[in-house]
Amino acid sequence: MSDNVYAVTKIVGTSKSSIEDAIQNALATASKTLKNLDWFEVKETRGLVDGDKVAYYQVALELGFRYEK
């Protein structure tokens, strides 16, 4: 295994259905423009309430992507 260098960026994914879908939506969008996406970490979980129900789930992620050598 060689030494790698990573950049970290923060994004927020949303979903009307679940936290897991919010994560998947964020990763699917980020992977379209970020090369070498290697890991993520959930930093915050929150949501939007409409009346007495969850309207949206929001998940803040830190993404790590590897620089090419």
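Everything below is about the structure shown above.
About the thresholds
Residues numbered from 1 in each chain as written. Predicted model: local features only at pLDDT ≥ 70, side-chain atom pairs only at ≥ 80, totals over all residues. Heavy atoms only, no water. Patch = residues over 30% accessible without salt bridge, like charges linked within 9 Å, V, L, I, M, F, W, Y side chains within 5 Å. Areas by Shrake-Rupley, 256 points an atom, 1.4 Å probe, with all protein chains shown as cover. Salt bridge = Lys/Arg side-chain N within 4 Å of Asp/Glu carboxyl O. Buried < 20%, exposed > 50% of the residue type's maximum accessible area, 1.4 Å probe, protein only. Pairing = 2+ DSSP bridges. Helix = DSSP H or I, 4+ residues; strand = E, 2+ residues; numbered from the N terminus. Axes fitted to C-alpha atoms, helices over the stretch in contact; angles between N-to-C directions. Phe/Tyr/Trp six-rings, centres within 6.5 Å; stacked < 30°, edge-to-face > 60°. Polar contact = N/O pair within 3.5 Å; in protein donor to acceptor, adjacent residues only side chain to side chain. Contact = heavy atoms within 4.5 Å.

K.L.:
Break down a nonpolar patch on the surface for me, with residues and values.
P.N.:
A surface patch of nonpolar side chains, amounting to about 270 Å² of accessible area, comprises Tyr-6, Val-8 and Trp-39. In this structure Tyr-6 comes out as partly exposed when scored by relative accessible area, which is 36%.

K.L.:
I'd love a proper account of the sheet that holds strand S2 (residues 37-50), names of residues and values included.
P.N.:
Taken in spatial order, the three strands make up an open sheet running S1-S3-S2, and their pairing is antiparallel. Strand pairing shows two members of the sheet lacking a second neighbour, strand S1 (6-15) and S2, which therefore form its edges. For this sheet, the mean inter-axis angle between neighbouring strands, taken without regard to orientation, is 15°. Of the pairings in the sheet, the one linking S1 to strand S3 (residues 53-66) comprises 10 bridges and is antiparallel in character. Bridged to Tyr-6 within S3 is Arg-66.

K.L.:
Break down the packing of aromatic side chains for me, citing the residues and quoting the values.
P.N.:
Inspection of the entire model under this criterion finds one aromatic pair. Their ring planes at 45° and their centres at 6.5 Å tell us that Phe-65 and Tyr-67 sit as a pair that is tilted. Phe-65 sits in the buried class, given a relative accessible area of 17%.

K.L.:
Summarise the side chain of Ser-15; cite the residues concerned and give the values.
P.N.:
Among the structural elements, Ser-15 can be located in strand S1. Reaching out from Ser-15, the side chain makes a polar contact with the backbone nitrogen of Ser-17 at a distance of 3.0 Å. Those residues in contact with Ser-15 that sit more than four places away from it in its chain are Asp-21, Ala-22, Asn-25, Tyr-56 and Tyr-57.

Shape descriptors only; they carry no functional weight alone.
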